[in-house]
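In case you want the letters, here they are:
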Amino acid sequence: MPQVAIVVTDGVLTNAVFELIDALSLANRYTAQQYATREELPVTIDVRLVSLSGEPVAAESGRMLAVDEGLRSAHELTPRLIYVAPFAIGRPETLTARLKSLAGIADWLRNAHADGVLIAGSGTGVAVLGLADLLTNATVPVAWWLEKAMARRFPGLTLDTDRKIEAREDILLAGSHAAEPALAIRILERIMSPDVATWVERITGVDRYPDGPDPANAYAPTLLRPDELVSRAAHWLQLRFAQKPSMADLSVAMAVHPRTLSRRFSASLGMTPVEYLQGLRIEAAKRMLARSDRKIERVGYLVGYSDPAFFKALFRRQTGMTPAQFRRSADY
């Protein structure tokens with residue numbers, strides 16, 4: 001199960017911590033809804049709060065925040081992601097002095113990054129990634145009030161007060177509180193899958209690409225003609241693709257005749273609802289093949305196909321490769 005370690009320090013801004021925890025909880029619920037009827041699953045993501053000493057930390061609000069690990073025991077974790085939460089520093093000029101006390105965290109981040117762990121941070125937490133020398137060649141989003149202090153402490157960095165999110169293969173950054181909900185969903189996109197991120201995005205109303213369009217990894221056919229009915233139907237299928245939804249159930253849910261629904265899907269997306277459903281399943285299967293060692297037949301079953309031969313034939317028709325070939329070539 002992927003682990004997420006959230007680093008909290010005195011003065012932590014708890015809204016950022018719980019923004020991510022809530023997003024991860026929603027992702028766990030989505031995964032259970034999609035797959036629990038087809039395979040008994042443990043909690044998909046295990047979240048640990050980490051402080052320097054392992055003792056509770058005093059949040060900016062004055063409340064004490066309990067943690068799960070100290071930095072010493074955190075070295076034994078094998079997280080998929082480490083996120084450094086923002087913390088209050090009072091005056092910007094105190095940033096350098098505050099960072100000196102966080103050198104141990106920076107060392108942990110540097111070593112974890114070298115081992116392939118995804119590292120994220122927001123607000124003042126981004127400065128800890130700078131202390132770990134992880135921001136080279138990144139465009140660093142930063143709040144306007146922190147820009148001068150960051151420039152003094154890290155004169156070689158490229159800072160951008162207008163940019164909200166920086167997403168690289170190894171680093172995810174948010175410069176301000178307003179961008180933290182988007183950062184949480186981008187984290188889901190990276191450590192879980194785009195379809196999970198899309199579901200949480202739609203449930204919460206958060207735009208995970210606040211800086212503008214980003215190449216979507218989720219299944220998104222070319223839109224030929226906007227159609228609100230098709231958009232609602234597509235969302236309905238996205239929430240249920242692994243649960244063998246019938247076109248009759250979809251038609252009832254949308255309150256339209258099946259032929260009307262098929263005609264409007266074709267006009268809007270250039271495909272039938274069944275073809276759209278197949279696309280959702282194949283995209284989910286691709287991610288599962290790349291990111292797990294489940295048997296191919298099991299992957300097919302989990303995304304909605306009880307007939308292994310049909311799944312393999314459809315997968316090859318959609319991708320040009322067999323599932324085994326795709327797994328060998330996958331570079332996720």
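Remember, predicted model here, so these are calculated numbers, not experimental data.

**So, the overall build of the chain**
When helices and strands are tallied, the chain shows 15 helices and eleven strands. For 332 residues, the compact-globule estimate of 2.2 N^0.38 gives 20 Å, and the chain sits close to it at 22 Å. Along the first, second and third principal axes, the C-alpha set of the chain runs to 65 × 40 × 35 Å. In the chain, which comprises 332 residues, the share counted as buried stands at 50%. Sequence separation of at least 24 residues holds for 66% of the intrachain contacts in the chain that already meet a minimum separation of 6. When the accessible area of the chain is evaluated, it comes to approximately 15,800 Å², of which 50% is carbon and sulfur surface. Seen as two clouds, the 39 positive and the 37 negative side-chain charges of the chain have centres 6 Å apart.

**With respect to the sheet that holds strand S6 (residues 81-84)**
One open sheet holds the seven strands; their spatial order is S5-S2-S1-S6-S7-S11-S10, and the pairing between them is mixed. Looking along the sheet, the strands with just one partner apiece sit at the ends: strand S5 (69-70) and strand S10 (165-167). Where strand S1 (residues 3-7) lies against S6, four bridges are found, and the strand directions are parallel. Counterpart to Val-4 in the pairing with S6 is Leu-81. Docked against the sheet, helix H1 (residues 14-35) engages S1, strand S2 (46-51), S6 and strand S7 (118-122), running at close to 170 degrees with respect to S1. Set on the sheet, helix H7 (residues 180-191) makes contact with S1, S6, S7, S10 and strand S11 (171-174); between it and S11 the angle comes to about 165 degrees.

**Details of helix H4 (residues 103-114)**
Taking 1.5 Å per residue, twelve residues should reach 16 Å; H4 reaches 17 Å between its end C-alpha atoms and fits that length. Every buried residue belonging to H4 is among Ile-105, Ala-106, Trp-108, Leu-109 and Ala-112, and all of these are buried. For H4, the buried positions fall inside an angular range of 160 degrees around the axis, keeping them on one side. Where the residues of H4 are buried, they touch S1, S2, helix H2 (71-74), S6, S7 and helix H5 (125-131). Gly-116 occupies a position one or two residues after H4 and carries a positive phi of about 95 degrees.

**Brief notes about the environment of Arg-98**
Of note, Arg-98 is situated in helix H3 (residues 95-100). Filtering out sequence-adjacent residues up to four positions away, Arg-98 remains in contact with Thr-9, Asp-10, Phe-87, Ala-88 and Ile-89. A distance of 2.6 Å separates a polar side-chain atom of Arg-98 from the backbone oxygen of Asp-10.

**Re the confidence of the model for the chain**
Per-residue pLDDT for the chain averages 90, and the proportion of residues at 70 or more is 94%. When the criterion is pLDDT under 50, residues 213-217 qualifies, and its contacts beyond four places in sequence or with other chains add up to six contacts.

**Quick word on the packing of H1 against H7**
Think of two packed helices as two axes; the pair is described by the angle between the axes and how far apart they sit. Axis separation between H1 and H7 bottoms out at 9 Å; the angle between their running directions is 40 degrees. Judged on the interaxial angle alone, H7 and H1 are oblique. Where H1 crosses over H7, the handedness of that crossing is right-handed. Contacts between H1 and H7 involve Asn-15, Ala-16, Glu-19, Leu-20, Ala-23, Leu-24 and Ala-27 from the former and Glu-180, Pro-181, Ala-184, Ile-187, Leu-188 and Ile-191 from the latter. For the contact of H1 with H7, a count of residues per class yields ten nonpolar, one polar and two charged.

**Structural notes on the environment of Thr-198**
Tracing the sequence through the fold places Thr-198 in helix H8 (residues 194-204). On the basis of relative accessibility, which here comes to 12%, the residue Thr-198 falls in the buried class.

**Comments concerning H7**
Compared with the 16 Å implied by 1.5 Å per residue over twelve residues, the 16 Å span of H7 between its first and last C-alpha is a close match. Here H7 lies mainly inside the structure; twelve of its twelve residues are buried. Buried within H7 are the following residues: Glu-180, Pro-181, Ala-182, Leu-183, Ala-184, Ile-185, Arg-186, Ile-187, Leu-188, Glu-189, Arg-190 and Ile-191.

**Comments concerning the packing of helix H9 (residues 228-238) against helix H10 (residues 247-254)**
Relative to each other, H9 and H10 sit at 130 degrees, their axes nearing to 10 Å. Overall, the two elements H9 and H10 adopt an arrangement that is oblique. For the pair H9 and H10, the crossing hand works out as right-handed. Of the residues in H10, those touching H9 at Leu-229, Arg-232, Ala-233, Trp-236 and Leu-237 are Met-247, Asp-249, Leu-250, Ala-253 and Met-254. Residue composition of the contact of H9 with H10, grouped by class: eight nonpolar, no polar and two charged.

How each quantity is defined
- Residues numbered from 1 in each chain as written.
- Predicted model: local features only at pLDDT ≥ 70, side-chain atom pairs only at ≥ 80, totals over all residues.
- Heavy atoms only, no water.
- Helix = DSSP H or I, 4+ residues; strand = E, 2+ residues; numbered from the N terminus.
- Rg over C-alpha atoms; globule rule 2.2 N^0.38 Å.
- Buried < 20%, exposed > 50% of the residue type's maximum accessible area, 1.4 Å probe, protein only.
- Contact = heavy atoms within 4.5 Å.
- Areas by Shrake-Rupley, 256 points an atom, 1.4 Å probe, with all protein chains shown as cover.
- Lys, Arg positive; Asp, Glu negative; His and termini not counted.
- Charge placed at Lys NZ, Arg CZ, Asp CG, Glu CD.
- Pairing = 2+ DSSP bridges.
- Axes fitted to C-alpha atoms, helices over the stretch in contact; angles between N-to-C directions.
- Expected span 1.5 Å × (residues − 1).
- Arc of directions from axis to C-beta.
- Polar contact = N/O pair within 3.5 Å; in protein donor to acceptor, adjacent residues only side chain to side chain.
- pLDDT = per-residue confidence, 0-100.
- Parallel < 35°, antiparallel > 145°, perpendicular 65-115°, else oblique.
- Left-handed = near helix turned anticlockwise from the far one by under 90°.
- Nonpolar A, V, L, I, M, F, W, Y, C, P; charged D, E, K, R; others polar.

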